[in-house]
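Spelled out, the chains give:
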Amino acid sequence: MKIKIQTYSTLDFPVELTTENYSVILWKGSGIFSVDDINYAYSGYNILFLSPYQKLKLASESDENIDVLFFHGDYYCIEYHKEEVACNGLLFNNIYLNPGVELSEENYNYILELFNHIQKEESEKHPFSESIIKTYIQLILAIGSKQKSSMENTLVSGEKLSNKYAAEFQKLLEIHFKKEKELSFYSDKLNITNNTLSKAVKKEFSKTPTQLINERIILESKKLLHLTYRSVKEIASEFGFADEFYFSRYFKKSVGCSPRNYRETVGISIVAKMSM
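Residues numbered from 1 in each chain as written. Predicted model: local features only at pLDDT ≥ 70, side-chain atom pairs only at ≥ 80, totals over all residues. Heavy atoms only, no water.

Caption draft 1: Structural view of the packing of helix H4 (residues 164-176) against helix H7 (residues 209-227). Contact pair H4 / H7: the axes reach a minimum separation of 11 Å and the direction vectors enclose 30 degrees. When the axis of H4 is compared with that of H7, the two are roughly parallel. For H4 against H7, the interelement crossing comes out right-handed. Contacts between H4 and H7 involve Phe169, Leu173 and Glu174 on the former and, on the latter, Pro209, Leu212, Ile213 and Arg216. (Axes fitted to C-alpha atoms, helices over the stretch in contact; angles between N-to-C directions. Helix = DSSP H or I, 4+ residues; strand = E, 2+ residues; numbered from the N terminus. Parallel < 35°, antiparallel > 145°, perpendicular 65-115°, else oblique. Left-handed = near helix turned anticlockwise from the far one by under 90°. Contact = heavy atoms within 4.5 Å.)

This is the structure:
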């Protein structure tokens, strides 16, 4: 499957949704959703952006339709188009941000209309359909990026900035995550206890430092598997794993499939192919 739109009701939505595709989920109402076992409250009109093999659970307080756009990375590569829609690192592939975006009713209805246009083009399959569908996807991602960027700027202008220890932890993690996996390394760097750091990070990101360390390693592993031709053994070595088998078990525990299977199903990006 390269691209597909599926409509569910909240009553028949999968207990856990995971796929090798990128997913854009559009719905309204209120309740709780979880991505990779992290809970987020939602209300109003919502859109959610998931990367391959992220796990979604949804608990709604009302029966509403949920529309999901699935597209494979071979069909529309977000890395290749990242300059055009600014979505990679904002909508997708960011462990520090809520993966959901609250929409205005106007934008919700507009994106729903774009979903309908995509379905129509996919069913007709004329010579220009693929180009038109990619343009619709790009527009959906651009709207999401604009909305989320606006939300982030509002938080900053409202002085809801990261607390000091959480902000410093994030900076340290980006520098050291490939080699340092222990919480004590980061708390020692900040001259605070593990408990103090854990409380600060959990308050800011709704995740523990250990969860963020693991997620950062997995995120970078996914990128290397998808965007390069490097072997699993080379990737394991880069993250300080003694051998590729230990790395494979670590990866499978978080993602649900082995690194090799991930590469086979998600594919190797056009970006990697262009750099050869």
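Caption draft 2: The arrangement of the pattern of salt bridges in detail. Applying the stated criterion to the full structure yields 11 salt bridges. Between Lys207 and Glu215 there is a salt bridge, with the nearest N and O atoms lying 2.8 Å from each other. A residue is classified by how much of its surface remains accessible, and Lys207, at 5% relative accessible area, is buried. Salt bridges here are not isolated pairs; linked through shared partners, they connect Glu174, Arg216 and Glu220. (Salt bridge = Lys/Arg side-chain N within 4 Å of Asp/Glu carboxyl O. Buried < 20%, exposed > 50% of the residue type's maximum accessible area, 1.4 Å probe, protein only.)

Caption draft 3: Inspection of the packing of H7 against helix H10 (residues 259-266) at higher detail. Between H7 and H10, the least distance of the axes is 9 Å, while the angle of their chain directions is 50 degrees. Between H7 and H10, the angle falls in the class oblique. Crossing of H7 against H10: the hand is right-handed. Each of Lys222, Leu224, Leu225 and His226 in H7 lies in contact with H10, whose residues at this interface are Pro259, Tyr262, Arg263 and Val266.

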